[in-house]
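Take a look at the letters that make up each chain.
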Amino acid sequence: MVKTHATQIRLMGTVIDIKVSAVNAKKIVRKTVDKLVYYEKMFSANREDSELMAINLAAGEHPVVVSNELFELIRIGKYHSCQKNSFLNIAIGPLVKSWKIGFSGAKVPLKTDIESLLAITNPEKIKLNDEKKSVYLEQKGMFIDLGALAKGYISDRIVDYYKRQQIESAILNLGGNVIVYGEAPHKDGYFRVGIQNPREPRSKCLAGVKAKNQSVVTSGIYERVLKVGDETYHHIINPKTGYPVETDVASLTIISHLSVDGEIWTTRLFGKNSQEIVDEVNQLPEIECIVIDKENQLYYSIGIQSNLI
Ligand code: ADP
Ligand code: MG
């Protein structure tokens, strides 16, 4: 008999909800938690003992041989960081650590510090050796931060695991990254995923999408912020300026099959204006988007229209 089991854990600086419907739902939820813990230790930029940290600590000194998954995510991240006009840069670490937005001790760095840190954020200087599966950061002080991508990549690995099991359905919510798997208990088999109203506290929705075996990733400027006087600084840093991205977008949602694609494109496109984002997503067959601007205006790509609620 199919049962439903759910749990909530705190990990990766966020709250994670897991819900599985399966004959052995409890075991699958437990394995899901194990995998989250395992991958957090691989990808975290905030723990001294992570595999990623070994690369960062060896910057300017020597290459580090790493797990296949870490190598792959850095390869994907580097590729998208090096594309023209991309706002994603996985080498942004030195600036993220200086701003510390979302952590205690957050502050506006000195302009001179920002300038010198920008010099050690060039993603081209991440050197990958495909044969050895090693990563080398060419300059001392370089620091890879996979915070924008890891949750999506990990979700995809968990979905790979679900595909090997007998599961009726599963929902993962990693602090705003929602992944739905299998048949929803609705007549049409689609899950309903809410898109948060940027002006309201959590769980108030402005819109929703119907989704099936899909990922719905939202990046917003309203969650993690630093307030100094009248200024509000959010946590997505413009790799060109070293300051938070200036934008008229309050939240950007990407709907895709792979969750890592949602992560890549929410950050890659974040500095563009709402209409530019929609135009660009309309050219990309793999992804759809919903944009909410600071006036709470809604924009969306052509392909998502029929699934919009
Ligand atoms: P969240 O879902 O936690 O809000 P995002 O997926 O939007 O996070 O990624 C934000 C995180 O990515 C930041 O906390 C920081 O660690 C890192 N980051 C900030 N700016 C950039 C950037 N321009 N490129 C890549 N990573 C970034
Ligand atoms: Mg992201």
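Residues numbered from 1 in each chain as written. Chains lettered and ligands numbered in written order. Predicted model: local features only at pLDDT ≥ 70, side-chain atom pairs only at ≥ 80, totals over all residues. Heavy atoms only, no water.

In the annotation of an unreviewed UniProt entry, the protein is listed under the name FAD:protein FMN transferase and assigned to Vagococcus bubulae. UniProt, in its Sequence similarities (unreviewed entry) section for the protein, records the words "Belongs to the ApbE family." Its UniProt record gives the protein a comment under Catalytic activity (unreviewed entry), which states: "L-threonyl-[protein] + FAD = FMN-L-threonyl-[protein] + AMP + H(+)". (UniProt positions renumbered as here; feature names shortened; annotations may be inferred.)

Student: Explain the coordination of the magnesium ion (ligand 2) residue by residue, including any values.
Tutor: Summarising the metal site, the magnesium ion (ligand 2) is bound by the protein donors Ala-148 (O) and Glu-263 (OE), whose distances to it range over 2.2 to 2.6 Å. Here Ala-148, found in the loop between strand S5 (134-137) and helix H6 (150-163), pairs with Glu-263, found in helix H7 (residues 259-268); they are 115 residues apart in sequence, far enough to count as distant. (Donors = N, O, S within 2.8 Å, 3.2 Å for Na, K, Ca; no water. Helix = DSSP H or I, 4+ residues; strand = E, 2+ residues; numbered from the N terminus.)

Student: Provide a residue-level description of the UniProt feature "binding site: Mg(2+)" (unreviewed entry) in the protein, including the pertinent values.
Tutor: The UniProt feature table records "binding site: Mg(2+)" (unreviewed entry) at Ala-148 and Thr-267. These annotated residues cover 120 residues of sequence, and their C-alpha atoms all fall within 7.1 Å of one another, placing them together at a single site. Note on Ala-148: relative accessible area 29%, which makes it partly exposed. Each residue touching Ala-148, except ones within four places of it in the same chain, is listed here: Leu-88, Glu-263 and Thr-267. With respect to the helices and strands, Thr-267 occurs in helix H7. According to the relative accessible area criterion, Thr-267 is buried, its value standing at 8%. (Buried < 20%, exposed > 50% of the residue type's maximum accessible area, 1.4 Å probe, protein only. Contact = heavy atoms within 4.5 Å.)

Student: Please give an account of the sheet that holds strand S6 (residues 169-174) that cites residues and values.
Tutor: Taking strand neighbours across the sheet as the criterion, the eight strands line up as S1-S2-S6-S7-S10-S13-S14-S15 in an open arrangement whose pairing is antiparallel. The sheet terminates laterally at strand S1 (3-11) and strand S15 (298-300), the two strands that pair on one side only. With direction set aside, neighbouring strand axes in the sheet form an average angle of 10°. Pairing geometry for strand S7 (residues 177-182) and strand S10 (residues 214-220), over four bridges, is antiparallel. The residue of S10 that forms the bridge with Ile-179 is Ser-215. The sheet contacts of H6 involve strand S2 (14-22), S6 and S7, and relative to S7 the element is tilted by about 10°. Strands in contact with helix H8 (residues 274-282) are strand S13 (249-256), strand S14 (287-293) and S15; relative to S14, the strand with the most contacts, it is inclined by about 175°. (Pairing = 2+ DSSP bridges. Axes fitted to C-alpha atoms, helices over the stretch in contact; angles between N-to-C directions.)

Student: Help me get a handle on the packing of aromatic side chains, residues and values and all.
Tutor: One pass over the full model with this rule turns up seven aromatic pairs. Their ring planes at 75° and their centres at 5.7 Å tell us that Trp-99 and Tyr-243 sit as a pair that is edge-to-face. Pair noted here: Trp-99 is in helix H4 (residues 93-99) and Tyr-243 is in the loop between strand S12 (231-234) and S13, with a separation of 144 residues, a long-range link. Overall, Trp-99 belongs to the buried group, its relative accessible area being 1%. (Phe/Tyr/Trp six-rings, centres within 6.5 Å; stacked < 30°, edge-to-face > 60°.)

Student: Let's hear about the domain arrangement of the protein: which residues, and what values?
Tutor: One frequently used descriptor of interface size is the decrease in accessible area upon assembly of the parts. Taken as a whole, the protein is organised into domain 1 (3-33 + 167-307) and domain 2 (51-137). Facing the 23 residues of domain 1 at the interface are 22 residues of domain 2. Taken over both partners, the interface formed by domain 1 and domain 2 buries close to 1,900 Å², and the fraction arising from carbon and sulfur atoms is 72%. Across the domain 1-domain 2 interface, the total number found is zero salt bridges. Joining domain 1 to domain 2, the criterion identifies three residue pairs in polar contact (both at pLDDT 80 or more). At the level of elements, strand S11 (225-228), S12 and H7 are the ones that each hand at least two residues to the side of domain 1 that touches domain 2. The biggest single contributor to the side of domain 1 that touches domain 2 is H7, with five residues. Of the residues assigned to the side of domain 1 that touches domain 2, the class counts are 12 nonpolar, seven polar and four charged. (Domains from an automatic or database assignment. Buried area = accessible area lost by both parts, 1.4 Å probe. Salt bridge = Lys/Arg side-chain N within 4 Å of Asp/Glu carboxyl O. Polar contact = N/O pair within 3.5 Å; in protein donor to acceptor, adjacent residues only side chain to side chain. Nonpolar A, V, L, I, M, F, W, Y, C, P; charged D, E, K, R; others polar.)

Student: Give me the lowdown on the packing of helix H1 (residues 25-43) against helix H3 (residues 68-81), citing residues and values where you can.
Tutor: Running from N to C, H1 and H3 point in directions that differ by 60°, and their axes come no closer than 10 Å. When the axis of H1 is compared with that of H3, the two are oblique. Handedness of the H1/H3 crossing: right-handed. Residues Tyr-39, Met-42 and Phe-43 of H1 touch H3, and the partners they reach there are Glu-69, Leu-70 and Leu-73. Residue composition of the contact of H1 with H3, grouped by class: five nonpolar, no polar and one charged. (Parallel < 35°, antiparallel > 145°, perpendicular 65-115°, else oblique. Left-handed = near helix turned anticlockwise from the far one by under 90°.)

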